[in-house]
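Listed here are the chains, written in short residue letters.
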Amino acid sequence: MSKKCVNCGKKISILEDSFTLPNQRESFCKECSRIARPLLRDIMTAASDKSYENAKRTFEEALPEAALSDEAKKYIKYEFDDIAASATKISESGEQNAKTLNGSFSACCDAILKAGKTASGNEPVAPMQIVKLPAREVGKYYIVTAVFECFYIRTGSYASLTVTMIWFPQLIKKGKAIVSAVASGGGKGLLNISWGAEDDFIQTFWRALRDQNPELKIKEYGEALFDTEIEFMQGPPSEEEMKTSSDPTGRESAVKPTNRIGILGGTFDPVHIGHISLGIAAISEASLEKLIIMPAYIQPFKQGKRVTDDEHRLAMANLAFKDIPKTEISTLEIDRMRISYTFDTMSELKKQYPGKELFFITGTDAFMQIDSWYKGVDLLENFSFIVSVRPGYYEDELNETIKTYQRLYNTQVIKLVAKMPDISSTDIREAYRNGESISSLVPEAVERYIKDNGLYE
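Residues numbered from 1 in each chain as written. Predicted model: local features only at pLDDT ≥ 70, side-chain atom pairs only at ≥ 80, totals over all residues. Heavy atoms only, no water.

K.L.:
If you had to explain helix H14 (residues 425-433) to someone new, which residues and values would you point to?
P.N.:
Listed in full, the buried residues belonging to H14 are Ser425, Ile428, Arg429, Ala431 and Tyr432. The buried residues of H14 occupy one face: seen down the axis, they fall within an arc of 165 degrees. Residues of H14 that are buried in the fold lie against helix H7 (273-285) and helix H15 (444-452). N-capping of H14 is provided by Ser424, with a side-chain oxygen placed 3.1 Å from the backbone N of Thr426. (Buried < 20%, exposed > 50% of the residue type's maximum accessible area, 1.4 Å probe, protein only. Helix = DSSP H or I, 4+ residues; strand = E, 2+ residues; numbered from the N terminus. Arc of directions from axis to C-beta. Contact = heavy atoms within 4.5 Å. Polar contact = N/O pair within 3.5 Å; in protein donor to acceptor, adjacent residues only side chain to side chain.)

And the structure:
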């Protein structure tokens, strides 16, 4: 379902970059977020009394001058106050509100999600947001936010916990993260007293984070996260911005381009928002140089089933991905005009892209059974994988499968943090036949193509 920008009123599509206030739940479109996001930059990355004071002074000077509506400024002020009030309370109580974690980006993200779900008993109230920032003094780095909510029955009070992580790949061999957690709360009635729900939430989160992840060597961190200006940006830097960067020693060095290529295959009958979300997440989280969209001719497990003509599936794939950077459509499997075995396709691409690391992109269900595919063991031994987590699936079982494949076949696996929408092409075709709207499930151009060509009627 589309959202509206709280500032300009524009509808925000599911594919558009946007900025959502973690506590207020109000959203800004891509253009307006360029004004709104920097206003909260300092308070979201501060971790000491001095840095909070500086953040408050900067915010109070900048907000009146910001080119935002009064309504938007009101929610920005609410958001700032929620974060600042909780953080100040933590600081006054003597409890550290930031810690360092030593580990890979994926491991640190997984640790935050698991600890947050343990503390709240629920999934995050919004998808984990990941933003790559430009290369500066410490090289490229990422900022990640996750929001959790919990209701305390014994006191009738609630708390909302915002966790912010800044991850630096250069600080140690596997990377180092600085994690900050702040909470706001309230209760029933006119007094709106939280009865300590915020403190309980934060303490439970830190305890879970430490107990569940001893290998991350979690330590206290009491200094400001940054003493210099940070320029926030959505998505990866451009090629021009990434030509040079400063390494941790201060020496200027060329940024080596990634050699990773992702392959997203499927029948795409029709292509939908889930496919696009998976592709975007793979490009961002796995730092892909290129994403190849590979419509299948006939998938082995769909033999004997009716499939829409190749020309239509190919056309819809082109429409869906034409505006997504770093993507291209391949007709390799369609041109071969035979059953599309993944190993054969990957082997052919390996010849076309010598020296590149090829990642096959798949979902949880398929990945769990890859060793039973045609030449599945050869796939696991010779190629890498990007796996999206199926909504509601038991991640522990997936993690065990990943460990098994790594132990037996030395397979490299990147598990995506972003949660994918649970959408099925079969359900879309059925809904369309029944006269139901599919506008929230497929891009507008794809829906128009389906109507114009009489597909799925």
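K.L.:
For the pattern of salt bridges, give the residues involved together with the corresponding values.
P.N.:
With the rule as written, the count across this model stands at 14 salt bridges. Notably, a salt bridge pairs Arg34 with Glu31, separated by 3.3 Å at the nearest N-O pair. Placement of the pair is Arg34 and Glu31 together in helix H1 (residues 30-39), with a separation of three residues, close to one helical turn. On the basis of relative accessible area, Glu31 is assigned to the partly exposed category, the value being 47%. Here Arg433 and Glu430 are joined by a salt bridge, their closest N and O atoms 3.8 Å apart. (Salt bridge = Lys/Arg side-chain N within 4 Å of Asp/Glu carboxyl O.)

K.L.:
Report on the sheet that holds strand S18 (residues 413-415), specifying residues and quantitative values.
P.N.:
Overall, parallel pairing links the six strands, which are arranged S15-S14-S13-S16-S17-S18 in an open sheet. Every interior strand has two partners, whereas the edge strands, strand S15 (327-329) and S18, have only one. When strand polarity is set aside, the average angle formed by the axes of neighbouring strands in this sheet is 25 degrees. The pairing of strand S13 (residues 260-266) with strand S16 (residues 357-363) spans four bridges and is classified as parallel. Residue pairing for S16: Ile261 is matched across the bridge by Leu358. Running over the sheet, helix H8 (residues 310-321) touches S13, strand S14 (290-295) and S15 and is turned about 165 degrees from S15. (Pairing = 2+ DSSP bridges. Axes fitted to C-alpha atoms, helices over the stretch in contact; angles between N-to-C directions.)

K.L.:
So, H1: which residues are in play, and what are the values?
P.N.:
The complete set of buried residues in H1 reads Cys32, Ser33, Ala36, Arg37 and Leu39. Projected onto a plane normal to the axis of H1, the buried residues spread over an arc of 140 degrees and lie on a single side.

K.L.:
Which residues make up the packing of helix H5 (residues 105-120) against helix H6 (residues 197-212), and what are the values?
P.N.:
In a pair of packed helices, the angle between the axes and the distance between the axes together describe the arrangement. Packing of H5 against H6 brings their axes to within 8 Å, and their N-to-C directions diverge by 130 degrees. Regarding the angle of H5 to H6, the classification is oblique. The hand of the H5/H6 crossing is right-handed. Side by side, H5 and H6 meet where Ala111, Ile112, Lys114, Ala115, Gly116, Thr118, Ala119 and Ser120 of the first sit next to Phe201, Thr204, Phe205, Ala208, Leu209 and Gln212 of the second. Taken together, the residues that form the contact of H5 with H6 break down as eight nonpolar, five polar and one charged. (Parallel < 35°, antiparallel > 145°, perpendicular 65-115°, else oblique. Left-handed = near helix turned anticlockwise from the far one by under 90°. Nonpolar A, V, L, I, M, F, W, Y, C, P; charged D, E, K, R; others polar.)

K.L.:
Please set out the pairing of S14 residue by residue, giving values where relevant.
P.N.:
Burial of S14 is extensive: five of the six residues sit out of reach of the surface. Where S13 meets S14, six bridges bridge the pair, whose relative direction is parallel. Bridging across to S14, Ile263 finds its partner in Ile292. Handedness of the S13-H7-S14 crossover: right-handed. Of the pairings in the sheet, the one linking S14 to S15 comprises three bridges and is parallel in character. When the bridges of S15 are listed, Ile293 appears paired with Ile329. (Right-handed = clockwise from strand over helix to strand, strands pointing away.)

K.L.:
Lay out the nonpolar core with the relevant residues and their values.
P.N.:
Leu264, Met316, Phe321, Ile386 and Ile450 are the most contacted members of the largest nonpolar core, which has 35 residues in total. It is H7 that contributes the most residues to this core, six residues altogether. Aside from chain neighbours lying at most four places away, what touches Ile450 is Pro270, Met316, Tyr432, Ile438, Leu455 and Tyr456. Counting 33 residues, the second largest nonpolar core, distinct from the first, contains Ile112, Ala197, Ala208 and Val417. (Core = buried A, V, L, I, M, F, W, Y, C linked by side-chain atoms within 4.5 Å.)

K.L.:
Outline unusual backbone geometry, supporting the account with residue identities and numerical values.
P.N.:
That bond from Asp269 to Pro270 is cis: its omega, 5 degrees, falls within 30 degrees of zero. The residue Pro270 is located in the loop between S13 and H7 in this model. Even without being glycine, Lys217 reaches a positive phi, approximately 50 degrees. Within the secondary structure, Lys217 sits in the loop between H6 and strand S10 (219-220). Even without a glycine there, the phi angle at Asn410 is positive, about 60 degrees.

K.L.:
Mind laying out the environment of Glu285, listing which residues take part and the relevant values?
P.N.:
Structurally, the position occupied by Glu285 is in helix H7. Looking at Glu285, the relative accessible area reads 14%, which means it is buried.

K.L.:
Please provide a residue-by-residue account of the packing of H8 against H15, values included.
P.N.:
Taken N-terminus to C-terminus, the directions of H8 and H15 make an angle of 155 degrees; their axes are 8 Å apart at the nearest point. Taken together, the axis directions place H8 and H15 in an arrangement best described as roughly antiparallel. Once H8 is placed against H15, the crossing between them reads as right-handed. Residue-level inspection shows Glu311, His312, Ala315, Met316, Leu319 and Ala320 of H8 in contact with H15, the latter providing Ala445, Val446, Tyr449 and Ile450.

K.L.:
Requested: an account of the pairing of strand S5 (residues 98-102), with residues and values cited.
P.N.:
By the criterion of burial, S5 is predominantly enclosed, with four of the five residues buried. Sheet topology note: the S5/S10 ladder contains two bridges and is antiparallel. Residue pairing across strands places Thr100 opposite Lys219, the latter belonging to S10.

K.L.:
Go over the environment of Leu380 with me, naming the residues and quoting the values.
P.N.:
Note that Leu380 resides in helix H12 (residues 376-382). Considered as a pair, Leu380 and Tyr405 are 25 residues apart in the sequence and their alpha carbons are 7.2 Å apart. Once you skip the residues sitting within four places of it in the chain, Leu380 turns out to touch Ile370, Asp371, Phe385, Tyr405, Tyr409 and Thr411.

By themselves, these observations are geometric and do not establish any function.
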